[in-house]
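Secondary and tertiary structure notes
One letter stands for each residue in the lines below.
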Amino acid sequence: MPQAMWRSEVRMDSLETFVVESAIDSEQEFYRKIIEDNLASLKLAPAIGRIKVVLKPEDSLFQMAIILRDVGTKVTTIDIADVESKPVAGEVVISIKKEQYIPELLVKLWERYGKANISQPDRWTVTISTDKPAEEAAFIKEMMVADPRHRLHENLVDFAIRATPEGFRVRYHLYKGNHFVFVASEEALKREWIEEAGAMLDELTEGGEK
Amino acid sequence: MAVLLPYLYTGGVHKHGLLIELMEDLGGYIIQKVVTGTEVNLIMLIPEKDVNVVKKLSDELLGVLMEAPLTGVEIAVVSPTLASHHLPHSACDVAEYLRHPGANTNMIGLARGMGRRVSLSMDYERKLINEHDIAVFTFGSFSDCITKKKPKLFEGIEIPIVVTGGPVELKTEDVPGADLYIGNIGRVSHRLRRTEEVNALDSLNEGVSKIADNIRKQQAKDPLAVLPARVMKEIENQVPEIRTVLSPAPLTLQLDGLRVKLPYDEFHEKIENLEFDEGVTLSELANISRSKMKNYILIKIKSKSDVGFAI
């Protein structure tokens, strides 16, 4: 199924559904907290629409199904900043509008122009000294700064590994469209565990249509 | 023999030398001195009858003097591995909190301690843990694991075992092999700062202090041939190289000995031949061996009944 269809189907709030299931109530709470903390530290909470986790320590089993929200498209410099060329001074001035992408932007700029040619007079401004301000400004405007989808995938895998109990090192993960399924265990994975996780995902998908 | 009480002094660096001099005059011991910026922490053993004198001076210096029941105790904080699942929270928080009442803690991450069926400890790790006075195992949040699977990590551990974990309803007797179980310190991904978490850390400190007291009481029935603190002072006087060691506690006191953070091959003879005023050498009073930690020297002091006399 094309990805665009997946995305247009689902409209939801962040963390609209957040379920953790386990045989023992207190253990649910611990894991809920661990998942919350890890979502927060990886800044994933806004990207996740619905999440369900099932814990079965007696079987050494951890299952997780996630439905992602629309994560947006690639970000170019012009989406996050105003770019202005100053031919007289031999400078390109970038005025930042969205601060969250500054690290990625700077890494790309350093690579191209070298740290010595880039200064940050204040939090919202980056200045680049160059011989050809006009051409460089045009280039920078169209430069891709970040690909949220790529970053999201990395973060999701990182999140899944951080949230799982450490010994559960046999893992299965599926990332397709805006669906993410993760199963981890200490033993060899059984087919029905993965199927169960798939069923959890279906349940989550239906949950939104009510 | 004078009874020595453990205290922690916290105050400004200004004139804290007066306290050190006073301690020399009274026959007490400075166990550790930590200077951070303009603050100084002194962990010391004060003769029981002179505590008031020290208290008076510390008040004059506008410092705080408080009891530090875990002074001279070396604790191993053992986490199943050193992965992000256990560190920096909660294992580091546990280790840090145990240091407040004066303990020296070492964090030990087992190589293969994670998991249920697959977790195990190596002979080397068990020997290293056994060099300490008390072991604190930081486990996770599943009661099934804590009661059924993880206790196999206790095999071969001869020192008292304290276990921390998530479930609150578990009792010490539910965890086979543990001497104490503390709940509410399970696997977390945030700093332990909520009320119930800090309370759990407090009860951990209390419980560990009680265990240390029990060991001291057992020791009092058959005292050590020499006080570890006195050996510490003699090493400082007779082995000047110890001053060049950059480790945080070059001489780490234990309840029944001490760890000397100098290379074994180069210094073990000097340590063995350490002389006391009474005319005995340390090798008569203690077993001196190579520590499993780096290449340090481990001194375990024999009891009075073994040696036949005490100094």
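Residues numbered from 1 in each chain as written. Chains lettered and ligands numbered in written order. Predicted model: local features only at pLDDT ≥ 70, side-chain atom pairs only at ≥ 80, totals over all residues. Heavy atoms only, no water.

At the interface, 23 residues of chain B touch 24 residues of chain A. Its largest share of buried area at the contact with chain A, chain B owes to Arg116, Phe142 and Arg187 of chain B, together 34% of the area lost on that side. Inspection of the region where chain B meets chain A yields 1 salt bridge. The residue Arg117 of chain B makes a salt bridge to Glu187 of chain A at a minimum N-O spacing of 2.9 Å. The tally of links between chain B and chain A comes to 16 residue pairs in polar contact (both at pLDDT 80 or more). For the side of chain B that touches chain A, the class distribution of residues is 6 nonpolar, 11 polar and 6 charged. (Contact = heavy atoms within 4.5 Å. Buried area = accessible area lost by both parts, 1.4 Å probe. Salt bridge = Lys/Arg side-chain N within 4 Å of Asp/Glu carboxyl O. Polar contact = N/O pair within 3.5 Å; in protein donor to acceptor, adjacent residues only side chain to side chain. Nonpolar A, V, L, I, M, F, W, Y, C, P; charged D, E, K, R; others polar.)

Another aspect to go through is the confidence of the model for chain A. Residues and elements named next belong to chain A. The share of residues in chain A with pLDDT of 70 or more is 93%, and the mean pLDDT across the chain is 87. The least confident element of chain A, judged by mean pLDDT, is helix H1 (residues 3-9) at 45; the most confident is strand E11 (residues 179-185) at 94. Predicted confidence is poor over residues 1-9, with pLDDT under 50, and the contacts of this stretch with residues over four places away or in other chains come to 9 contacts. (pLDDT = per-residue confidence, 0-100. Helix = DSSP H or I, 4+ residues; strand = E, 2+ residues; numbered from the N terminus.)

Turning to helix H4 (residues 123-130) of chain B, a few remarks are in order. Among the residues of H4 of chain B, those classed as buried are Glu125, Leu128, Ile129 and Asn130 of chain B. Check the buried side of H4 of chain B and you find it contacts strand E5 (74-79), strand E6 (104-109) and strand E7 (134-138) of chain B. (Buried < 20%, exposed > 50% of the residue type's maximum accessible area, 1.4 Å probe, protein only.)

As a further point, take the domain arrangement of chain B. Note: interface size is frequently given as the accessible area lost on complex formation between the parts. Residue and element names in this part refer to chain B. Here the domain parsing of chain B yields domain 1 (4-68), domain 2 (74-218) and domain 3 (228-307). For domain 1 and domain 3, the distance between their C-alpha centres works out to 24 Å. Between domain 1 and domain 3, the contact holds 6 residues from the first and 7 residues from the second. For the pair domain 1 and domain 3, the summed buried area comes to about 520 Å², and 65% of that belongs to carbon and sulfur atoms. (Domains from an automatic or database assignment.)

What follows is about the pairing of strand E2 (residues 48-56) of chain A. Residue and element names in this part refer to chain A. The buried count for E2 comes to 8 of 9 residues, which makes it a mostly enclosed element. In this region the chain leaves strand E1 (residues 17-21), passes through helix H2 (residues 25-41) and returns to the parallel neighbour E2; the handedness of that crossover is left-handed. Relative to strand E3 (residues 61-68), E2 runs antiparallel, the two sharing 8 bridges. Opposite Leu55, over in E3, you have Phe62 as the bridge partner. Hairpin connection from E2 to E3: 4 residues lie between these consecutive antiparallel strands, with Ser60 at a positive phi of about 55°. (Right-handed = clockwise from strand over helix to strand, strands pointing away. Pairing = 2+ DSSP bridges.)

Bringing the packing of aromatic side chains into the picture now. The way to describe two aromatic rings as a pair is by their centre distance and the angle between their planes. Scanning the model with the defined rule gives 6 aromatic pairs over all chains in all. Considering the side-chain rings of Phe62 of chain A and Phe182 of chain A, the 6.3 Å spacing of their centres and the 75° angle between planes classify their relative orientation as edge-to-face. Of this pair, Phe62 of chain A sits in strand E3 while Phe182 of chain A sits in strand E11, placing them 120 residues apart in sequence. For Phe182 of chain A, a relative accessible area of 3% puts it in the buried group. A centroid spacing of 6.1 Å and a plane angle of 70° characterise the contact between Tyr175 of chain A and Phe180 of chain A, whose relative ring orientation is edge-to-face. Grouping aromatic residues by their ring pairs yields a cluster made of Phe137, Phe139 and Phe154 of chain B. Above the plane of the ring of Trp110 of chain A lies Lys115 of chain A, whose end atom (NZ or CZ) is 4.4 Å from the centre. (Phe/Tyr/Trp six-rings, centres within 6.5 Å; stacked < 30°, edge-to-face > 60°. Lys NZ or Arg CZ within 6 Å of the ring centre and 35° of its normal.)

Let us now look at the pattern of salt bridges. What the rule picks out here adds up to 28 salt bridges over all chains. Among the ionic contacts, a cluster of salt bridges with common partners joins Glu21, Lys52 and Glu203 of chain A.

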